[in-house]
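# Tertiary structure, described
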Amino acid sequence: VYTDPFLRGRIADLGFSTRLVHGETSTPAHVSIEHQSNPDVLHPVRRLVYGTAFWSREARARPRQVPPLTVIIPVAFLQHPARHTPIQLSAVLGV
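Basis of the calculations
Residues numbered from 1 in each chain as written. Predicted model: local features only at pLDDT ≥ 70, side-chain atom pairs only at ≥ 80, totals over all residues. Heavy atoms only, no water. Patch = residues over 30% accessible without salt bridge, like charges linked within 9 Å, V, L, I, M, F, W, Y side chains within 5 Å. Areas by Shrake-Rupley, 256 points an atom, 1.4 Å probe, with all protein chains shown as cover. Salt bridge = Lys/Arg side-chain N within 4 Å of Asp/Glu carboxyl O. Helix = DSSP H or I, 4+ residues; strand = E, 2+ residues; numbered from the N terminus. Buried < 20%, exposed > 50% of the residue type's maximum accessible area, 1.4 Å probe, protein only. Polar contact = N/O pair within 3.5 Å; in protein donor to acceptor, adjacent residues only side chain to side chain. Contact = heavy atoms within 4.5 Å. pLDDT = per-residue confidence, 0-100. Phe/Tyr/Trp six-rings, centres within 6.5 Å; stacked < 30°, edge-to-face > 60°.

## Considerations on a nonpolar patch on the surface
Residues Val-41, Leu-42, Val-45 and Val-49 make up a contiguous nonpolar surface patch of about 380 Å² in total accessible area. Considering the arrangement of structural elements, one finds Val-49 in helix α1 (residues 43-61).

Right, here's the structure in full:
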């Protein structure tokens, strides 16, 4: 699971890297899953920062290549109000 050190503990409870395939063509993809127990108006901004950090890390890892950008698929679960239900994603998913 990739989370930038700056963002660790803030977003991306789970992350999965895969490839999207269509016929003979494929492209890298990253599914980022986040659980929130309260609404947050800055959630889209955090997702933008996460995506930018992810792509920056990719660019630093391959400085002389121009690979296609990895598709980032954000998935967010909002569980509000969370008074009588689990507040950790692992407890919600039963893992």
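## A look at the side chain of His-43
Within the secondary structure layout, His-43 lies in helix α1. Look at His-43 and you get buried, because its relative accessible area is 15%. A distance of 3.1 Å separates a polar atom in the side chain of His-43 from a polar atom in the side chain of Glu-34. For His-43, the residues in contact, after removing those within four places along its chain, are Glu-34, Gln-36 and Ala-76.

## Digging into the confidence of the model for the protein
Within the protein, residue pLDDT values average 78, and 77% of them lie at 70 or more. Element-level mean pLDDT values for the protein span from 72 in helix α2 (residues 89-93) up to 89 in strand β1 (residues 14-22).

## Overview of the packing of aromatic side chains
Enumeration over the complete set of coordinates arrives at one aromatic pair. Summarising the aromatic geometry, the rings of Tyr-50 and Phe-54 are spaced 6.4 Å apart at their centres and angled 35° between planes, so their arrangement reads as tilted. With Tyr-50 and Phe-54 both in helix α1 and four residues apart, the pair spans about one turn of that helix. Taken individually, Tyr-50 and Phe-54 each receive the classification buried, so the pair is uniform in this respect.

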